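# Fold and geometry: a report
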Amino acid sequence: MFVLKSLFGQMWGNPANPELIQIPAGQLYLVRPDSIKGSRECIFKDAVATIRRTGVEFQYQLVVTRAYEEGEDQLLEEDAETDDERAFLIDQALAFRFGQLDGDATFAWRDLSGDEGDLWEFVCSKTVSKATSKVFEVTVLHCIYERKYQRSHDLALDDDLEALRYIEPSAPATPAKAGKGKGTSPTKSPVAAAVAESPAEDAPAEDPFKDVPVLHKALAELYLFDLETDVFVIQEKEVEVDLASNGDFDVWLIVRHKGVPFISLPIDSEMNPRFDMANNAFMFTFRETEGLQGMTWCLRFDAAAFPEWKDQFTIVMWENKNKVSYAKAKRDEQRYIQDAYGDIAMGEEEEAEVEEEEEADEESEGTDDTDDTTESDEAFARGARNQQLAVGYKNDLSFVQRGDMIGVFAHDQDKVRFRTAIDRVKDMDGKAFSPKKIMLHNQDADMLLLDPNHKNSMFRMDLEYGKIVDEWKVSDVVPVDNILPDSKYAQMNPQQTLIGHSHNGIFRIDPRVAGNKLVESQFKQYATKNDFSAAATTESGRLAVASNKGDIRLFDAIGKNAKTALPALGDPIIGVDVSADGRWLVATCKTYLLLIDTLIGDGRYKGSLGFDRSFPADSKPVPRRLQLKPEHVAYMEDPVSFTPATFNTGVNEAERTIVTSTGKYVVIWNFRRLKQGRTDDYQIKKYDSHVVADNFKFGADKNIIVALEHNVLMANKKDLAKPTRSSLAPGMGAGGGGDRGTGMLNTPVKNLRQSRSDIVNSPY
């Protein structure tokens, strides 16, 4: 029950909190099997069940309170006596028993003031998750233990708690009572029926995966993250965890309980996999259908079995993505791949204390962010959704592209204000187009644009006039897929040259030369399709180029071979950024970021950067995966899909923060703490609509320019908070999880695709 400790620590560890746990909705019944008044009487139609402390150590009360509908309590006279609460001292004599009634969790206890056999019964509402009722059940047992043994429940073993459960005595069969209707059956009390009802008693379903070859098998405990209790709650103490092959490079994760498939899904990045080394645990997200909120699961393995399972999972994950055997990867590449999923410290820890003090001083000087922005003018507002963002370095302006329009926004202290709109971007022939790439150039006086319909050219817009004035033909045969500055801060200078790349070529562009603008002497073309996808430069002009295959190349100059080639993990890289000095690199994949230290730590070239020298074969850098915790992803409506992450920028300004976004959330990582290995130290803020782009205001990391689908604003870094229920799901009530936690044994199964394995494609 390791993942329940945080919840119980909050419940039991604060003596000032009189309430340990509460079930917010249900009904209270009095069950009298032998009464002539009827065997079941509803006492409170709407009720709340709470476990409270008493003034005596080791003694607790179960309090069931009537819940009034809105305005109903106001109808009562002030001096009217009400009987709207029942209180019971929790003791083993109450003989608590737990079960189900029509799928709803129930718990019942003896009515000590009534006749023999009389029971109180609380039936949980359907809005109460099974996880919540399970925690309530365990808390009752803890209270019974403390009263019986007069000591803390922390000393109790699982067997001690199980011994406190009430076991219904087996009764001999009795003759059936005559009744209306054709059939009769022995009489059973509703409570006994509820106890007898259990999903484990259901007839076993046919295993649709029985013919699927299993590559690796292990045993584990299964937990589900519950939104109401905000913790992982155990579902099964033992499940079988299989890595099963559905064909070449198509391996699935199948979780079975007592031989019956419980969960199955393909192994890929969409499952948001994450290892917890300290607890020998593996967490992942299961999303049955696109558009539905995901469910976050956790498998906890035995300490001896976990390392092997982790290695096997990493191998099949890599093979599934790269479609090649792991055995064909070089030994140093295999180490790089395994390290990407490990817990390895990153140095520079000695700076932590001083840096944190500086940060505290800096934050105390910040101003409050109101997320205020004036409305765009009608011409810009009627356009499509925002698509791209370019933040100015020289003139304190930001430019947002939507369709064939570009909005211009001024930075006004801690806000952005709409200034003007450049309506209908047109090429030299007067044809409007929607640029696939925009980049500020020449001291922010120009904007360079790529038109999808002119693959070999680029356009220059004079921002003073707000129109395109030049078309630069780069090459007759080489397409321009992306452009970037010659160096990180080149746009601050009257620098004319820039860098471009195609899917398999890297080149310098000089608009001053006659004819085609590609500089042939600084053109590196690869024979194979490398599928380059993103690039970035350092302050000195070193170049990092990433690809859709997931590999990264580091160059000291254009036109030469890369000094360092980092292996692919298999996920497409959609963005890359480097620190000004080239020491650090952050690459963005859909569901995670990769942070890489390019400093060579061993060998002949120790102290050099990977841009200037090659890493020794046995000493490649350790890639650090930056992910959102699966328990935080559980609150998000959409699957994780990061926008390109960037460092904060500024001449002579140290990199302190990394910013990205996913769905409706802006996310920042404290770069200083990342260098200490604290990859979970991130902050978050939710907006009302999806974030399409984000970047820091130039010069510091205090303010972030955020482009939403239909709005542009400036966020203050202070207003991003640590991920909690309130920051991830603002306004979510106590029952905000709805029925999310109720899928304990009926979670829909994602079936394996039909293949040569003759798999039965039917839901479990």
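Model, not experiment: these values are computed from the prediction.

About the criteria used
- Residues numbered from 1 in each chain as written.
- Predicted model: local features only at pLDDT ≥ 70, side-chain atom pairs only at ≥ 80, totals over all residues.
- Heavy atoms only, no water.
- Helix = DSSP H or I, 4+ residues; strand = E, 2+ residues; numbered from the N terminus.
- Contact = heavy atoms within 4.5 Å.
- Areas by Shrake-Rupley, 256 points an atom, 1.4 Å probe, with all protein chains shown as cover.
- Pairing = 2+ DSSP bridges.
- Axes fitted to C-alpha atoms, helices over the stretch in contact; angles between N-to-C directions.
- Polar contact = N/O pair within 3.5 Å; in protein donor to acceptor, adjacent residues only side chain to side chain.
- Buried < 20%, exposed > 50% of the residue type's maximum accessible area, 1.4 Å probe, protein only.
- Phe/Tyr/Trp six-rings, centres within 6.5 Å; stacked < 30°, edge-to-face > 60°.
- Lys NZ or Arg CZ within 6 Å of the ring centre and 35° of its normal.
- Salt bridge = Lys/Arg side-chain N within 4 Å of Asp/Glu carboxyl O.
- Core = buried A, V, L, I, M, F, W, Y, C linked by side-chain atoms within 4.5 Å.
- Expected span 1.5 Å × (residues − 1).
- pLDDT = per-residue confidence, 0-100.

A word on the overall build of the chain. If you tally the helices and strands in the chain, you get eleven helices and 41 strands. Relative to all contacts within the chain whose residues are 6 or more apart in sequence, the contacts with residues 24 or more apart total 57%. By element, 46% of the accessible surface of the chain is carried by carbon and sulfur atoms, the whole surface being about 34,600 Å².

One open sheet holds the four strands; their spatial order is β27-β28-β29-β30, and the pairing between them is antiparallel. Strands with a single pairing partner mark the edges of an open sheet, and in this sheet they are β27 (532-537) and β30 (564-566). Taking the axes of each pair of neighbouring strands and ignoring which way they run, one obtains an average angle of 15° across the sheet. Taken together, the three bridges between strand β29 (residues 552-555) and β30 define a ladder with antiparallel strand orientation. Its bridge partner being in β30, R553 is matched across the sheet by A565.

Right, let's get into the environment of S540. Note that S540 resides in the loop between β27 and β28 (543-547). When the C-alpha positions of S540 and D581 are compared, they lie 7.5 Å apart, and in sequence the two are 41 residues distant. Reaching out from S540, the side chain makes a polar contact with the side chain of R542 at a distance of 3.1 Å.

In this section: the pairing of strand β36 (residues 657-662). Buried residues dominate β36, accounting for six of its six residues. Residues T657, V659 and S661 of β36 are buried on one face, and the alternating residues I658, T660 and T662, pointing to the opposite face, are buried as well. Here strand β35 (residues 646-647) pairs with β36 via two bridges, running antiparallel. Of the residues in β36, the one forming a bridge with T646 is V659. In terms of strand pairing, β36 meets strand β37 (residues 665-670) through six bridges, oriented antiparallel. Residue T657 lies in a different strand from β37, and its bridge partner there is N670. If you look at the hairpin formed by β36 and β37, you'll find two residues sitting between the two strands, and G663 has a positive phi there, around 60°.

Looking now at helix α6 (residues 331-339). Three or more residues of α6 are buried, namely D332, Y336, I337, Q338 and D339. Next to the buried residues of α6 lie α5 (306-322), β30, β33 (593-597) and β34 (624-626).

When we look at a pair of aromatic rings, we describe it by the centre distance and by the angle of the planes. Tallied over the full model, the rule gives 32 aromatic pairs. Residues F107 and W109 carry aromatic rings whose centres are separated by 5.8 Å and whose planes lie at 20° to one another, so their mutual orientation is stacked. Pair check on accessibility: F107 and W109 agree, each one buried. Here the aromatic residues F88, F96, F107, W109, W120, F122 and F136 are joined through ring pairs into a cluster of three or more. The ring centre of F275 lies 5.7 Å from the NZ or CZ of K310, which sits over that ring. In this structure, K524 is placed above the aromatic ring of Y526, and the distance from its NZ or CZ to the ring centre is 5.2 Å.

To continue, consider the sheet that holds strand β32 (residues 584-588). One open sheet accounts for four strands, arranged β31-β32-β33-β34; its pairing is antiparallel. Strands at the two margins of the open sheet, each flanked by one partner only, are β31 (575-578) and β34. Strand-to-strand twist in this sheet, taken as the mean axis angle between neighbours without regard to direction, amounts to 20°. Judged from the three bridges that link them, β33 and β34 form a sheet pairing that is antiparallel.

If you walk through the whole model with that rule in mind, you get 32 salt bridges. Ionic pairing is found between R583 and D597, a salt bridge with its closest N-O pair at 2.5 Å. On the criterion of sequence distance, the pair formed by R583 in the loop between β31 and β32 and D597 in strand β33 is long-range, its members being 14 residues apart. Residues R583 and D597 agree in their burial class; the two are buried. Salt bridges here are not isolated pairs; linked through shared partners, they connect E137, E162 and R165.

Our next topic: the pairing of strand β41 (residues 712-716). When you tally the buried positions in β41, you get five out of five residues, the bulk of the element. Of the two faces of β41, both are covered, the one formed by V712, M714 and N716 as well as the one formed by L713 and A715. A loop of three residues connects strand β40 (residues 703-708) with β41, the two strands running antiparallel in sequence.

Moving on, we come to the side chain of E121. By the element assignment, E121 lies in strand β7 (residues 119-124). A polar atom in the side chain of E121 sits 2.6 Å from the side chain of R40.

Moving on, we come to the nonpolar core. Counting 55 residues, the largest nonpolar core has L253, F282, L299 and W309 as its most contacted members. Among the elements that take part in this core, α5 stands out by supplying seven residues, more than any other. If near-sequence neighbours (up to four positions away) are discounted, W309 is found in contact with H216, A218, V241, L243, L253, F275, F282 and F301. L94, F98, C124 and V135 belong to the second largest nonpolar core, which has 37 residues in total.

A few words on the side chain of N272. When you line up the elements, N272 lands in the loop between β11 (260-266) and β12 (274-276). For N272, a relative accessible area of 3% puts it in the buried group. Residues within four places of N272 in sequence aside, it is in contact with M283, F284, T285, T591, Q627, L628, P630 and V633.

The next subject is α5. If you check α5, its first and last C-alpha atoms are 24 Å apart, about what 17 residues at 1.5 Å a residue would give, namely 24 Å. Burial analysis of α5 places twelve of its 17 residues in the buried class, which makes it a mostly covered element. Just downstream of α5 lies K323, where phi reads positive at about 55°.

With that out of the way, let us pick up the environment of N320. Relative to the elements of secondary structure, N320 occurs in helix α5. Separated by 69 residues in sequence, N320 and V251 have C-alpha atoms that sit 6.8 Å apart. Excluding residues that lie within four positions of it along the chain, N320 makes contacts with F249, D250, V251 and I267. Engagement of the side chain of N320 in a polar contact is seen with the backbone oxygen of V251, the distance being 3.1 Å.

Of the residues in the chain, 80% reach a pLDDT of 70 or more, and the chain-wide mean stands at 82. Taken together, the stretch residues 1-11 has pLDDT below 50 and engages in 30 contacts with residues farther than four places along the chain or on a different chain.

With that settled, consider the environment of R274. If you trace the backbone, R274 turns up in strand β12. Overall, the relative accessible area of 11% leaves R274 in the buried class. In the structure, R274 is positioned 355 residues away from K629 in sequence and 7.7 Å away in space, judged by C-alpha atoms. Excluding residues that lie within four positions of it along the chain, R274 makes contacts with A281, F282, M283, Q627, L628, K629, P630 and D680.

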